[in-house]
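Residue-level listing of the chains:
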Amino acid sequence: MTGLNPSTYRRLLELPQIQSVWEGDRRALSSGVPIEANWSDSSTPSDGECILWVDGSQGVVRAMDVVPPETGHEAIVRTLLRAMEHPHSPAKPARPQKIVVRDREILFYLRGVLQDLDIALDYVPDLPLIDEIFRGFQDATNSRPPSIPPQFAEELLAKADVIWEDAPWSVLPDHKIIEIELNRWDLGCVYASVMGMLGMEYGILLYRSLDSLRQFRQRVLSNDSMERMEEAFLAQDCLFLTYETEDEDDFEDEDDLDLDRFEPILQPVFGNLHPLEGIRSFLYDEEAMAFITVLEALHRFLKQHRRKLMNEDFPALSSKFKIPAPDGDTISVKVTTLPEVAEELYGMVEDEDEDLSAMPIIRDDLVPENSFLSLGVVPWDMVEMMRLSVQHFQLEAPTQAGEGLPIILIQTSRPKAKQMIEEIEAAGGLNGICFNPGSDPFVDDRYDLGLLQTQNQELHLFGEFEEDDPTHAQARKKWDQRCKKTKGICGLLIAKGLTGGSRGNPGLKDMMALYEVRSLTSEDLGLGTLERKFAIDGF
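Computed from a prediction, not measured in an experiment: that's the story for all the values here. (Residues numbered from 1 in each chain as written. Predicted model: local features only at pLDDT ≥ 70, side-chain atom pairs only at ≥ 80, totals over all residues. Heavy atoms only, no water.)

Engineer: When you look at the sheet that holds strand 5 (residues 120–123) in this model, what are you seeing that I'm missing?
Structural biologist: Across a sheet, strands are paired by hydrogen bonds formed along the backbone, either parallel or antiparallel in direction. If you walk across this open sheet you meet the five strands as 3-2-1-4-5, and the pairing is mixed. At either margin of the open sheet sits one strand with a lone partner, and together these are strand 3 (60–67) and strand 5. Neighbour-to-neighbour, the strand axes of this sheet turn through a mean angle of 20°, independent of strand direction. Taken together, the seven bridges between strand 1 (residues 17–28) and strand 2 (residues 49–55) define a ladder with antiparallel strand orientation. Pairing of Glu23 across the sheet is with Val54, part of strand 2. (Pairing = 2+ DSSP bridges. Helix = DSSP H or I, 4+ residues; strand = E, 2+ residues; numbered from the N terminus. Axes fitted to C-alpha atoms, helices over the stretch in contact; angles between N-to-C directions.)

Engineer: What's the story with the pairing of strand 19 (residues 445–454) in this structure? I'm lost.
Structural biologist: Where a strand is regular, its side chains alternate between the two sheet faces. Burial of strand 19 is extensive: eight of the 10 residues sit out of reach of the surface. Here 10 bridges tie strand 18 (residues 430–440) to strand 19, and the two strands are oriented antiparallel to one another. Residue pairing in the sheet places Ile433 in a bridge with Leu452 of strand 19. Relative to strand 20 (residues 459–466), strand 19 runs antiparallel, the two sharing seven bridges. Note that in strand 20 the partner of Gln453 across the bridge is Leu459. Remark: four residues form the turn of the hairpin made by strand 19 and strand 20, two consecutive strands paired antiparallel; Gln457 in that turn has positive phi of roughly 75°. (Buried < 20%, exposed > 50% of the residue type's maximum accessible area, 1.4 Å probe, protein only.)

Engineer: Is there a simple way to think about the side chain of Thr454 in this case?
Structural biologist: Structurally, the position occupied by Thr454 is in strand 19. Residue Thr454 is classed as buried on the basis of its relative accessible area of 1%. Look past the residues within four positions of Thr454 in its chain and what remains in contact with it is Ala427, Gly429, Leu430, Asn431 and His460. (Contact = heavy atoms within 4.5 Å.)

Engineer: Looking at this model, I keep getting lost on unusual backbone geometry. Mind explaining?
Structural biologist: Phi is mostly negative for residues that are not glycine, and the peptide bonds are mostly trans. Cis geometry is found at the peptide bond from Ser89 to Pro90, where omega equals 10°. Along the chain, the position of Pro90 falls in the loop between helix 2 (74–85) and strand 4 (95–101). Even without a glycine there, the phi angle at Asp118 is positive, about 60°. Even without being a glycine, Gln457 presents a positive backbone phi close to 75°.

Engineer: Explain the packing of helix 5 (residues 150–166) against helix 8 (residues 285–309) here, please?
Structural biologist: A packed helix pair is summarised by two numbers, namely the angle formed by the two axes and the spacing between the axes. Where helix 5 meets helix 8, the axes come as close as 9 Å, and the angle between the chain directions of the two elements is 25°. By the criterion of interaxial angle, the relationship of helix 5 to helix 8 is roughly parallel. Relative to helix 8, the crossing made by helix 5 is left-handed. Residues Gln151, Phe152, Glu155, Leu156, Lys159, Ala160, Val162, Ile163 and Asp166 of helix 5 touch helix 8, and the partners they reach there are Asp285, Ala288, Met289, Phe291, Ile292, Leu295, Glu296, Leu298, His299, Leu302 and Arg306. Counted by class, the contact of helix 5 with helix 8 contains 12 nonpolar, two polar and six charged residues. (Parallel < 35°, antiparallel > 145°, perpendicular 65-115°, else oblique. Left-handed = near helix turned anticlockwise from the far one by under 90°. Nonpolar A, V, L, I, M, F, W, Y, C, P; charged D, E, K, R; others polar.)

Engineer: Just checking my understanding: could you explain the nonpolar core for this structure?
Structural biologist: Across soluble globular proteins, you tend to see nonpolar side chains buried next to one another. Residues Leu156, Phe270 and Phe291 are the most contacted members of the largest nonpolar core, which totals 46 residues. It is helix 8 that provides the largest number of residues to this core, a total of 12 residues. Once residues lying within four places of it in the same chain are set aside, the contact partners of Phe291 are Leu156, Leu206, Leu239, Phe240, Leu241, Phe270 and Leu283. Within the second largest apolar cluster, 27 residues are counted, among which are Ala63, Val67, Ala75 and Tyr109. (Core = buried A, V, L, I, M, F, W, Y, C linked by side-chain atoms within 4.5 Å.)

Engineer: How should I be thinking about the pairing of strand 12 (residues 318–324) in this particular structure?
Structural biologist: Residues Ser319, Phe321 and Ile323 line the buried face of strand 12, whereas the alternating positions Ser318, Lys320, Lys322 and Pro324 sit on a face that is not buried. In the sheet, strand 12 pairs with strand 13 (residues 330–337) via seven bridges, with the strands oriented antiparallel. Residue pairing for strand 13: Ile323 is matched across the bridge by Ile331. Following strand 12, the chain reverses through five residues before pairing antiparallel with strand 13; Gly328 in that reversal takes a positive phi of roughly 100°.

Engineer: Got a minute to help me understand the environment of Asn431 in this structure?
Structural biologist: Within the secondary structure layout, Asn431 lies in strand 18. Linking Asn431 and Gln457, residues 26 residues apart in sequence, is a C-alpha distance of 7.8 Å. Residues in contact with Asn431, not counting those within four places in the same chain, are Gln453, Thr454, Gln455, Val517, Arg518 and Leu520.

Engineer: What is the right way to read the environment of Phe270 from this model?
Structural biologist: Its location among the elements puts Phe270 in strand 10 (residues 265–274). Looking at Phe270, the relative accessible area reads 3%, which means it is buried. The spacing of Phe270 and Thr242 is 28 residues in sequence and 6.7 Å in space, taken between C-alpha atoms. For Phe270, the residues in contact, after removing those within four places along its chain, are Ile148, Leu156, Leu157, Ala160, Phe240, Leu241, Arg280, Ser281, Phe282, Leu283, Phe291 and Leu295.

Purely geometric stuff here, so don't read any function into it on its own.
Okay, here's the thing in structure tokens:
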């Protein structure tokens, strides 16, 4: 059993001890229990267990967590420590006088961990406050409506299956919008955007207005961070149908799996998005009836005009259909393509592409995969020997100041090293080496990007280093200091011997090319901070 650190003991003993009895327990969650918690792995809430620590005297929850079922009793202690030191408001940090649990195994574990903290531990058969909390969870789950109204479920799922077979994403990218005029169930027109042509997520979004559609695309194209993307997503005003496909994963032996006979499990998911309501993963009666009618109209429209829609141009098409409504009536539904809107939305992407085209392309196919890479220095006497024995593209020789020539070492196999050298020579040789800042706004990560610039001005990525990596930070600091002493001259050393005893420390016989070039700054390249981008297709 792992015990607490002495410093943790001292910290907990410094907390005030209150005259309270705390209840603690962990219980399995039924599917759909509305609890939010931090997950340590990919388990879903329906698979998890909830850990609760409550103050029975004051009637408040001090800490709660959800963990996978296989998690050990350490998780109970982690949540308890948080209940003591960082409890939910309005509770204050404190130690309880007594703790009661209903599981004897948990009791014995806590006795071993919490000894010397002056906390009494006891077993009780019932935990009334925690029982009441879990009853509330279950009541909340049972009070939620079904994802589809039962009286419309069979028909709506059948329509979703038909649309899946129609595969509208094979002929309609997401910017080619189709207007469906209902004038029923508080919906005048809905504007269908089909997802799936890029193969990322399949489905149909039914926007209640073109303004909502335009605003979403504009905000996605100008994305700055994951928080802004989430805000843009929740600001949509639409009904949605998406298809979740899951591969079977319960085969005992994957070698026995006949992939030709295997088909994915298909699960249509319906819901609603609204700026004030947020995301709702179920439909009310009128929404379900509207969806049934829209999907039938879209199916008929695709069947009638599919050949015309397969053309690259988006023609102006319009059709009217008499469709039996789920509530027993028959309504006239008009379906129309919107070529001008499609051109407008496509133009937004083109404008973004033009902005990006002003930036030079950074390739990542020059340096072979799995190469050994390091930042270091080669003594001047070794540099002199390499100049005589290996290929090198050289600027004027620097003053031999400092400990040697700053070097980027790329070590790979002989064939791959030879190919890399040939590609550099085909580009006219190497012009410079640069480190440029980069970022991933969606996960708020920052990088130091290592770039090689060839004489034809192309940029090639040789390394992507996390900005807060202490090992790289130290190596980069030494690199800058050495380049300063050599007045900006550095080198790229390409060597063979990746898998031999010389890995990471090539000898003279392993060195195949040395390029002595200038160390370029990010200002020299004028790139600024480079950000990762993504394509629009789905949420």
